[in-house]
Amino acid sequence: TGRLWRHLNTPEARVILDGIARALLPGFEGGKLLADGAARFTSEVLIERLEELIGALIEWMAQYEFDPTRVEIGFGLSLEDLPAWRLELADGRALLLRGRIDRVDLCYVDEETALAVVMDYKSRVRKLHPVKLHHGLELQLLSYLGVLRHLRDPENFFGVKRLVPAGVFYVPLNGGGGRLSAARADVLATSSQERRTAYQHSGRFLADELARFDNRGEAKGDQFRYAKKNDGSLSARGNDALPAAEFEALREKIEAHLREYAGRIFNGEVSVSPFRIGSQTACDYCDFRPVCRFDPWTQPFRVLRLPTKPAKEPIAKKSKPKKKSAA
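Only a predicted model underlies this, so the values are computations on that prediction, with no experimental measurement involved.

Student: Now, about the packing of aromatic side chains: what can you tell me, with residues and values included?
Tutor: Scanning the entire structure with this criterion turns up 11 aromatic pairs. Considering the side-chain rings of Phe75 and Tyr144, the 6.2 Å spacing of their centres and the 80 degrees angle between planes classify their relative orientation as edge-to-face. Here the residue Phe75 occupies a position in strand β1 (residues 67-75), and Tyr144 occupies one in helix α4 (residues 140-149), the gap between them amounting to 69 residues. Comparing Phe75 with Tyr144, the two get one shared label, buried. Here the aromatic rings of Phe169 and Phe224 are separated by 4.6 Å at their centres, their planes lie at 45 degrees, and the arrangement is tilted.

Student: A description of the pattern of salt bridges should follow, citing residues and the corresponding values.
Tutor: This model, assessed by the stated rule, comprises 26 salt bridges. A salt bridge links Arg6 to Asp67, with the nearest nitrogen and oxygen atoms 2.7 Å apart. Here Arg6 is found in the segment before α1 (10-24), whereas its partner Asp67 is found in strand β1, with 61 residues between them in sequence. With a relative accessible area of 17%, Asp67 lands in the buried category. In this structure, the salt-bridge partner of Arg14 is Glu51, at a minimum N-O distance of 4.0 Å. One end of the pair, Arg14, is in helix α1; the other, Glu51, is in helix α2 (residues 37-60), and 37 residues separate them in sequence.

Student: For α2, give the residues involved together with the corresponding values.
Tutor: Between the first and last C-alpha of α2 there are 35 Å, a value that for 24 residues agrees with the 34 Å anticipated at 1.5 Å per step. Ala39, Ser43, Ile47, Glu51, Glu52, Leu53, Ile54, Gly55, Ala56, Leu57, Ile58 and Trp60 are the residues of α2 that are buried. Structurally, the start of α2 carries an N-cap: the backbone nitrogen of Ala38 is 3.2 Å from a side-chain oxygen of Asp36.

Student: Describe the sheet that holds strand β10 (residues 280-281), listing the residues and the values that go with them.
Tutor: Taking strand neighbours across the sheet as the criterion, the 3 strands line up as β10-β9-β11 in an open arrangement whose pairing is mixed. The sheet is open, and its two borders are formed by β10 and β11 (302-303), each paired with just one other strand. Bridge count between strand β9 (residues 275-277) and β11: 2 bridges; the pairing is parallel. The residue of β11 that forms the bridge with Arg276 is Val303.

Cut-off values and rules
Residues numbered from 1 in each chain as written. Predicted model: local features only at pLDDT ≥ 70, side-chain atom pairs only at ≥ 80, totals over all residues. Heavy atoms only, no water. Phe/Tyr/Trp six-rings, centres within 6.5 Å; stacked < 30°, edge-to-face > 60°. Helix = DSSP H or I, 4+ residues; strand = E, 2+ residues; numbered from the N terminus. Buried < 20%, exposed > 50% of the residue type's maximum accessible area, 1.4 Å probe, protein only. Salt bridge = Lys/Arg side-chain N within 4 Å of Asp/Glu carboxyl O. Expected span 1.5 Å × (residues − 1). Polar contact = N/O pair within 3.5 Å; in protein donor to acceptor, adjacent residues only side chain to side chain. Pairing = 2+ DSSP bridges.

Taken by themselves, the reported measurements are silent on function.
Below, the structure written as structure tokens:
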């Protein structure tokens, strides 16, 4: 219709989504979701969940200054897509990354520059794991930053000469799941604020641009995870906002991991070395356990932890002068 999503009210957005979903049902996998009563019930539940999500996103539009610009963007998959992200390696070799980005939102800074945010839809709530992130096991979401940052001709695809990656987020399609299993009366009694909380986005974003992510000036975020202390600075915990230097360092760290893995692949490294983080292991949900050469009964896991922080030097206490006893 030529309008932006922020131009819609919540009921109108729900009606539009409902119409799109029902038009897609007959052709989805040969009508799988209309095959019988159970399938039709499942389709109704899925549509209702998506309507809840779109309702939350539309309500957030008033405080979120980015607009969805492109969806289902392939890179390196076809001639119409963005080019593959090419990372140059030693000896004239290169790593080409190909994939698909669910959604890119833009906020225009001026006529030539726009801040860019990547949204990645997940069926359930997912958060970046600090230990996996540090050791290079959380690469997909943050690699999208590199795709946008190294895009040679952003104007051809996004209409601006310069893209500045400002954030990447997981968006839960099911809103966490807990609320959906509650009694209907409880769901109806739930406030709009509580319903939106179930769809809170998780990832990392530029703290310097916080006002564009949430223009309410609040001390705590609802669409995005951040919290401010009394002095206005950001809290260390429960906070996905990073200062520009840390945000860029994280992006560079992901790029370094990709280059390292590519180099090891070219060097023919095929060792099996599954990780352990606390009680979780890489083998827990691995589809290749029946043919794997790793035996957890006889071989040790690669234990991963966050790096230890340097110990603070103890502060010397001044000794109090002893009182002289009375003569």
